[in-house]
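Okay, here's what each chain looks like letter by letter:
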Amino acid sequence: MTAAIMASIQLVRHEDYRAPDYEIVATALEFWLDADTTEVLAELRLRCRLPEPPEYLIFQGESLDLLELRLDGQVVGADRYDLLDEGLRLHHPPQAFTLNSRVRVHPATNTQLSGLYAADGVLLTQCEAEGFRRITYYLDRPDCLAPFTVTLHADREHYPMLLANGNLEATGTDGQGGHWARWHDPFPKPSYLFALVAGRFVVERDHFTTQSGRSVALEVYVAERYRDACQRALDSLKRAMAWDERVYGREYDLERYMIVATDSFNMGAMENKGLNIFNTKYVLASPETATDDDYLHVESVIAHEYFHNWTGNRVTLRDWFQLSLKEGLTVFRDQEFSADQNSRGVQRIADVRRLRAAQFPEDAGPLAHPVRPDAYAEINNFYTATVYEKGAEIVRMIHTTLGPERFRAGMDAYFSRFDGQAVTIEDFLSALEAGSGCDLQAFMRWYAQAGTPRVEAKWQQDLETGSLSLELSQRTPATPGQADKTTLPIPVRVALLDRAGRRQPLRVGNDDLGTETVLMLTQPQQDWTFTGLHEPCVPSLFRGFSAPIILERSDAVLAEPFLARHDDDPFSRWENFQALAIRELLGYIAEPTRALPSGDLREAVAAVTSQWPEDPAFCAELLTLPTEDYLGEQMEIIQVDAIHAARESLRRALAMVFGDTFMAWYQGLAGTYQLDGLSMGRRRLRQVMLSYLLVNDRLRWEAIALARLQYAEADNMSERLAAYTLLVQDIHHDSEDLLMDFYQTWRHHPLVLDRWFSTQLGREEPATLHRAANLLVHPDFDWRVPNRVRSVLGAFAANPTVFHAADGSGYRFFGEQIRHLDGINPQTAARLATVLSRWPRLDAQRRGHMQGVIAELARKPALSRDLAEVLSRCQD
Ligand code: 0A1
Ligand code: ZN
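Residues numbered from 1 in each chain as written. Chains lettered and ligands numbered in written order. Predicted model: local features only at pLDDT ≥ 70, side-chain atom pairs only at ≥ 80, totals over all residues. Heavy atoms only, no water.

K.L.:
Pulling in residues and values, what's your account of the overall build of the protein chain?
P.N.:
Scanning the protein chain from terminus to terminus reveals 27 helices and 33 strands. Taking the principal axes of its C-alpha atoms as reference, the protein chain extends roughly 90 × 70 × 60 Å. Per-residue burial for the protein chain yields a buried fraction of 60% across its 876 residues. Within the protein chain, contacts between residues separated by at least 24 positions form 71% of all contacts whose residues are at least 6 apart in sequence. Counting only carbon and sulfur atoms, one obtains 49% of the accessible surface of the protein chain, whose full area is about 33400 Å². Separation between the mean location of the 90 positive side-chain charges and that of the 123 negative ones in the protein chain comes to 1 Å. (Helix = DSSP H or I, 4+ residues; strand = E, 2+ residues; numbered from the N terminus. Buried < 20%, exposed > 50% of the residue type's maximum accessible area, 1.4 Å probe, protein only. Contact = heavy atoms within 4.5 Å. Areas by Shrake-Rupley, 256 points an atom, 1.4 Å probe, with all protein chains shown as cover. Lys, Arg positive; Asp, Glu negative; His and termini not counted. Charge placed at Lys NZ, Arg CZ, Asp CG, Glu CD.)

This is the structure in structure tokens:
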């Protein structure tokens, strides 16, 4: 089966990279925009980069109706070119020439949302990775940079605003209700950064004065009804602009920065030069419709896209294998920005949670791939947690290794060497080396090697001699196609804590290392001896999660309870707290008669609850049990039902022991709605309290009444949705009235309505399958809108017990929907289908069912390249 699917897919290989034969000196585009049929006239000035022109030149093109082709003004005869599946092959191209093509495209029927498409009366584009070829014939590759001039013509009534990259040069009328606008982007860019938007919007404006004193117009374009929900985006943008100047010395370069929001978007947002296009989910925020997490996401995605202006746009990619060069680096930058805006410790915990929830399983299963993959069939399948999140961890490790000053010097060298160029990860490391004066070559291995390393830690202290020896060893398990693994450079941030949790001076040989240092584990096994330690100590290891590894410590049973209470590094303390809970849960699964909670966890929770939560966001993290998925990751074979039962039992047990405190905190943490970090933290902790109270037999009825009251009376979506979700997902509670009320109140607000769809699919009971089927035929369900599709299929696949029903019904239902979606939006279908890679860790019965669904899907006629690649890799 694998062979059959793969035979039909061609792989693009990193080793086959060849520089383009031609450069595009200038690109001029003219569009006559219309939802049914848009005409695109392209004028490309090309120059051969070789001494002799090649025999032919291929311009990529897909789903284009070619109307006319001219070379240096002359119509090109049919014998001079061929139309191929992948584009247009021009024979005997001259050394330098101008190519004019006129094509037609059909935005209204473009349900893939790649290229030029129509959504809610607006015309807009998505060109990353290879969507530009669905707009015109082009050298659609990131190492072909050109300045663009773009003229847009459209009916003024339907499309009063005409936007493209760069600066607005001129506008005019076309007669008979038409108008036009011409934009010029002076910064040479690859085609994936091209964008246009035409439609009716309201614009929320602001401005930013750069460090050199230039004024930049900031504009957020949204549908009229979203007018009041743009402030967060504008504020975040200004803060991101100031941060990039302060931390990296980077200034914005155009006269204006535009953000357009759409409900119909495959991903989160897109960094097109000067004209970002955003999923509404990451732009809009008002207290009535957005949760605190939404506010945080808007801030980080706005910043992420802004930071791309330097890491991605000004310095771009040589080829798609280098994707993490822009994505890993930009995620690192946005994480650091968010850490500076909010609580650094809580931010790090959230980032690591995300890494472990998405990237660790990817790295441990059939879809494992290096941060820089070696081959792909469809590049859209490689916008993965590995490329993004693990890529960010590599940059973070380099930052940790160099320290902030040398890292900054390295980044300065990167920008000054490569501004305006399309480069590789090797170029990045060599610039960092030049700027910092440090050898970083070993980090290339992190980019090339898949799999999550395991680090084993052993230590011993001799109180008499005062020496503590620490032994660390590393190994990375095999991954598909990579049986043999090499040794990686692993920065280990350490401290030694005495019985009272105080950091001790670190002395190795004659070196005084302060009370916290970074050790570099570069060998399979290494030892360090610290001296001058006459009081018993415990090592705190991988503080701040200084490397994306799995730590196995031989002293876990003793160290974790201590560190869960005393570690002064917030990440490390949380990590050890989680470890206690995991140990407790796995122990219970092995022996379900055990009493819960055991002494260690109980004492750790008691230590937290013994005093009023000064840092409520952090307390909320401590008191949130690991997810069922994460628990599954700790097992060779995931015991779906046992995990669910154990986690519920522990929640109940903790609720029973600490119920009174939880109630007091729930009451005491109430406050007026504000958007600062402390208020958000209070709300988060209150929600955790409420979730426990609902499973406390004694307090349950009171808790239900409180939750209902909170739902009814909250003046913000954070508290309303928190109560709503808990009640709707409580399978022992009848919440049909709430479902109805929520629907009636929010049916006209797509982002909130998405929540109505997704929340009910979190109910862990068999009837949820039926519910999901009904939602797919609900009048508000729309297969063409990815957010809505994800709110049903994504939420369904995230339901641990219903998706994984032992009889395979969840997988079969899911497979049928993926099959349907593939015909509409292959990119989203393929992305959702990646959950089918979990089968190797399931029990035999479930594994058989899931494999059956993969095989069935693989037989689908006209399978997209996107889905075919995912399925074939899932089968490996
Ligand atoms: N570059 C964007 C994400 C993005 C990637 C692919 C897309 O279409 C296939 C769209 C957006 C980012 O990192 O924000
Ligand atoms: Zn990005």
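K.L.:
Which residues make up the pairing of strand β31 (residues 525–530), and what values do they have?
P.N.:
What you see with β31 is a clean split: Q526, W528 and F530 sit on the buried side and Q525, D527 and T529 on the side with no burial. Bridge count for strand β26 (residues 467–475) against β31 is 6 bridges, and the pairing is antiparallel. Each bridged residue has a counterpart across the sheet, and for S469 the counterpart in β31 is T529. (Pairing = 2+ DSSP bridges.)

K.L.:
Explain the site of ligand 1 to me, and be specific about the residues and the numbers.
P.N.:
Not every one of the 15 residues close to ligand 1 is listed here, only the nearest: E128, E271, E305, E327 and Y388. Within the backbone of A269, an N or O atom sits 3.2 Å from an oxygen atom of ligand 1. Here a nitrogen atom of ligand 1 and a side-chain polar atom of K326 are 3.5 Å apart. In isolation ligand 1 offers 370 Å² of accessible surface; the protein chains occlude 97% of this area. At the level of elements, β20 (269–270), α3 (292–307) and α4 (323–341) are the ones that each hand at least two residues to the shell around ligand 1. Looking at the shell around ligand 1 residue by residue, the class counts come to 5 nonpolar, 5 polar and 5 charged. (Near = heavy atom within 4 Å. Polar contact = N/O pair within 3.5 Å; in protein donor to acceptor, adjacent residues only side chain to side chain. Nonpolar A, V, L, I, M, F, W, Y, C, P; charged D, E, K, R; others polar.)

K.L.:
Could you give an account of the environment of W310, with specific residues and numbers?
P.N.:
When you line up the elements, W310 lands in the loop between α3 and β22 (316–317). Sequence-wise, W310 and R573 are 263 residues apart; in three dimensions their C-alpha atoms are separated by 35 Å. Among all residues touching W310, those that are not within four sequence positions of it are D244, R250, E251, V315, R333, F415 and D419.

K.L.:
Please provide a residue-by-residue account of the coordination of the zinc ion (ligand 2), values included.
P.N.:
Put simply, a metal with four donors set out as a tetrahedron has ideal angles of 109.5 degrees, and one with six donors set out as an octahedron has ideal angles of 90 or 180 degrees. At 1.9 to 2.0 Å from the zinc ion (ligand 2) lie its protein donor atoms, namely H304 (NE2), H308 (NE2) and E327 (OE). One can describe the site at the zinc ion (ligand 2) as tetrahedral: its 4 donor atoms subtend angles covering 97 to 127° at the metal. Counting along the primary sequence, the residues that act as donors to the zinc ion (ligand 2) give the motif H-x3-H-x18-E. Pair noted here: H308 is in the loop between α3 and β22 and E327 is in helix α4, with a separation of 19 residues, a long-range link. Using a relative accessible area of 1% as the deciding quantity, one classes E327 as buried. (Donors = N, O, S within 2.8 Å, 3.2 Å for Na, K, Ca; no water. Tetrahedral: all angles 85-135°; square planar, octahedral: opposite > 155°, others 65-115°.)

K.L.:
Give a description of the confidence of the model for the protein chain that names residues and reports values.
P.N.:
Residues shown with low pLDDT carry predicted positions that ought not to be read at fine detail. With 99% of its residues at a pLDDT of 70 or more, the protein chain has an overall mean of 97. Both confidence scores are given for the complex: pTM 0.99, ipTM 0.99. (pLDDT = per-residue confidence, 0-100.)

K.L.:
How would you sum up the packing of aromatic side chains? Please name residues and give values.
P.N.:
Here the distance between the centres and the angle between the planes together describe a pair of aromatic rings. Counted according to the given criterion, the structure contains 40 aromatic pairs. Seen in terms of ring centroids, F201 and Y221 are 6.0 Å apart; in terms of plane orientation they differ by 85°. Their pairing is edge-to-face. With F201 in the loop between β16 (196–199) and β17 (202–209) and Y221 in strand β18 (residues 215–222), the pair connects residues that are 20 residues apart, well separated along the chain. Overall, Y221 belongs to the buried group, its relative accessible area being 4%. Relative to F337, the ring of W243 has its centre 5.8 Å away and its plane inclined at 80°; by these criteria the two rings are edge-to-face. Of the two residues, W243 is situated in helix α2 (residues 231–248) and F337 in helix α4; the sequence distance between them amounts to 94 residues. The positively charged end of K273 is found above the aromatic ring belonging to F187, 4.4 Å away from the centroid. The residue whose ring lies beneath R700 is W701, and the NZ or CZ to ring-centre distance is 5.7 Å. (Phe/Tyr/Trp six-rings, centres within 6.5 Å; stacked < 30°, edge-to-face > 60°. Lys NZ or Arg CZ within 6 Å of the ring centre and 35° of its normal.)

K.L.:
Which residues make up the pattern of salt bridges, and what values go with them?
P.N.:
For the structure shown, the criterion picks out 76 salt bridges. The residue E157 makes a salt bridge to R200 at a minimum N-O spacing of 3.9 Å. Here E157 is found in the loop between β12 (146–155) and β13 (161–164), whereas its partner R200 is found in the loop between β16 and β17, with 43 residues between them in sequence. The shortest N-O distance in the salt bridge between D363 and K390 comes to 3.0 Å. Highlighted residues: D363 in helix α5 (residues 344–363) and K390 in helix α6 (residues 385–402), separated in sequence by 27 residues. Assigned by exposure class, D363 and K390 land together as buried. (Salt bridge = Lys/Arg side-chain N within 4 Å of Asp/Glu carboxyl O.)

K.L.:
Which residues make up the nonpolar core, and what values go with them?
P.N.:
In terms of nonpolar packing, the biggest core is built from 166 residues, with F59 and Y414 touching the most fellow members. No other element matches α6, which puts 8 residues into this core. For F59, the residues in contact, after removing those within four places along its chain, are L44, L46, E86, G87, L88, L90, F97, L99, Y137, Y138 and L139. By size, the runner-up hydrophobic cluster in this structure holds 110 residues, among which are L650, M717, W756 and A797. (Core = buried A, V, L, I, M, F, W, Y, C linked by side-chain atoms within 4.5 Å.)

K.L.:
How would you sum up the sheet that holds β20? Please name residues and give values.
P.N.:
With mixed pairing, 5 strands are arranged side by side in an open sheet as β17-β18-β19-β21-β20. Each edge of the open sheet carries a strand with a single partner, namely β17 and β20. Pairing of strand β19 (residues 256–262) with strand β21 (residues 275–279) involves 5 bridges; the strand directions are parallel. Bridged to M258 within β21 is L275. Of the strands in this sheet, β19, β20 and β21 are in contact with α3, which crosses β21 at around 150°. (Axes fitted to C-alpha atoms, helices over the stretch in contact; angles between N-to-C directions.)

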